[in-house]
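Architecture and fold: a report
Chain residues, written in single-letter form:
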Amino acid sequence: MLDRIRATPPGFVRAYGDVSPGAPRFAGAVLSGCEDPDVPWHRIVRADGSIATHPPARQRALLEAEGVPFRGERVDMRAARLP
């Protein structure tokens, strides 16, 4: 799973279920305990494009710096989700 997260390039996102099919909450648990600075945790969002981290400002700032588009408070998943 961490390999899938690391393979998410700048400017794109994946949903928790994309990196851990059938167990998206497991992906969240792994990421919350991961201290590896090489894991781009900020590129993983909910399937609806919302940001799960609290507060969301840091994650959003990192994604915007990479050019990830937003529609209101959510990532534009049609444009940014890694196919």
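Residues numbered from 1 in each chain as written. Predicted model: local features only at pLDDT ≥ 70, side-chain atom pairs only at ≥ 80, totals over all residues. Heavy atoms only, no water.

Things to note about the packing of aromatic side chains
In the structure shown here, the tally under the stated rule is zero aromatic pairs. Cation over ring: Arg 60 sits above Phe 70, and NZ or CZ is 4.0 Å from the ring centre. (Phe/Tyr/Trp six-rings, centres within 6.5 Å; stacked < 30°, edge-to-face > 60°. Lys NZ or Arg CZ within 6 Å of the ring centre and 35° of its normal.)

What to know about the side chain of Asp 76
By the secondary structure assignment, Asp 76 is in the loop between strand S4 (74-75) and helix H5 (77-80). Dropping the residues within four chain positions of it, Asp 76 is found in contact with Pro 69, Phe 70, Arg 71 and Arg 81. (Helix = DSSP H or I, 4+ residues; strand = E, 2+ residues; numbered from the N terminus. Contact = heavy atoms within 4.5 Å.)

What to know about the environment of Ala 47
Positionally, Ala 47 belongs in the loop between strand S2 (44-45) and helix H4 (57-65). Ala 47 sits in the exposed class, given a relative accessible area of 53%. Counting along the chain gives 27 residues from Ala 47 to Ser 20, while the straight-line C-alpha distance between them is 12 Å. Not counting residues within four places of it along the chain, the set of residues in contact with Ala 47 comprises Ala 15, Met 77 and Arg 81. (Buried < 20%, exposed > 50% of the residue type's maximum accessible area, 1.4 Å probe, protein only.)

Observations regarding the nonpolar core
If you look at the biggest cluster of nonpolar residues, it comprises 10 residues: Val 13, Ala 15, Val 45, Ile 51, Leu 63, Val 68, Phe 70, Val 75, Met 77 and Ala 80. Beyond its immediate chain neighbours, meaning those up to four positions away, Val 45 contacts Val 13, Arg 14, Ala 15, Tyr 16, Ser 50, Ile 51, Gln 59, Leu 63, Val 75 and Met 77. Judged by nonpolar contacts, the second largest core, of seven residues, contains Ile 5, Tyr 16, Ala 27 and Leu 31. (Core = buried A, V, L, I, M, F, W, Y, C linked by side-chain atoms within 4.5 Å.)

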